[in-house]
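# Inside the fold
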Amino acid sequence: TGIFIFLISIISIIYAQSSCHLETHKLRTENRDDPLAVQESNPRLSWWLKPSSDSCRNQYQTAYQIQVATSKDLLVTGEADLWDSGKVISNETINIIYGGTLLSAGQRAYWQVIVWDGDDHQSSTNSSYAFWEAGLQASDWTAQWIQKFSTVKKI
């Protein structure tokens, strides 16, 4: 029975390690949660990582893929109509510059990030979403000077 318990222990350790993966959370745009009126045309995106369970140790990101869409529903189906970075080999998680279609004022962009760990395991998709809303750009501002109506008196 001692060998049986030893084998069960080894199998459970191997299974626990194989089911370990990274999860993304705290997705932020320009260092803010779901910001409105973002002035940057190409805002910086950031995220935090956490292991899928407390028993997972020494996991690190080796790659990421950012997907951005005009609706959350599109992301759920895997359609990134604004930008898909593709798999980028990098351990960076902060200040990744958005490289997609420029948004018009008031337009929202929903995004998610998929990461790969040191064992090349992909994080679960659809686990965490964020959005930002584009603000007015300099070209959106148009006006004319306001001035006092002047009357000329004839003498």
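Everything below is about the structure printed above this text.
Here is a short report on the structure shown in this document.

## Considerations on the pairing of strand β3 (residues 61-69)
In terms of burial, β3 is largely enclosed, as 8 of its 9 residues are buried. Direction of pairing for β3 relative to strand β7 (residues 108-117): antiparallel, over a ladder of 8 bridges. The residue of β7 that forms the bridge with Gln61 is Asp117. Bridging between β3 and strand β5 (residues 88-89) involves 2 bridges; their strand directions are antiparallel. If you follow Tyr64 over to β5, its bridge partner there is Val88. For β3 and strand β4 (residues 83-84), the ladder comprises 2 bridges, and the chain directions are antiparallel. Residue pairing for β4: Gln67 is matched across the bridge by Asp84.

## Details of the packing of aromatic side chains
This structure, assessed with the given rule, holds 4 aromatic pairs. Seen in terms of ring centroids, Trp83 and Tyr98 are 5.5 Å apart; in terms of plane orientation they differ by 85°. Their pairing is edge-to-face. Here Tyr98 lies in the loop between β6 (96-97) and β7 and Trp83 lies in strand β4, a separation of 15 residues in the sequence. Classification of Trp83 as buried rests on a relative accessible area of 15%. Assessed through its relative accessible area of 1%, Tyr98 is described here as buried. Chaining the aromatic ring pairs together yields one cluster made of Trp83, Tyr98 and Trp132.

## Examining the environment of Leu22
Along the chain, Leu22 turns up in strand β1 (residues 22-29). Distance in space between the C-alpha atoms of Leu22 and Lys50 is 5.7 Å, their sequence separation being 28 residues. Ignoring sequence-local partners within four residues, the contact set of Leu22 consists of Leu49, Lys50, Pro51, Gln59, Tyr60, Gln61, Val115, Asp117 and Ser123.

Calculation notes
- Residues numbered from 1 in each chain as written.
- Predicted model: local features only at pLDDT ≥ 70, side-chain atom pairs only at ≥ 80, totals over all residues.
- Heavy atoms only, no water.
- Buried < 20%, exposed > 50% of the residue type's maximum accessible area, 1.4 Å probe, protein only.
- Helix = DSSP H or I, 4+ residues; strand = E, 2+ residues; numbered from the N terminus.
- Pairing = 2+ DSSP bridges.
- Phe/Tyr/Trp six-rings, centres within 6.5 Å; stacked < 30°, edge-to-face > 60°.
- Contact = heavy atoms within 4.5 Å.

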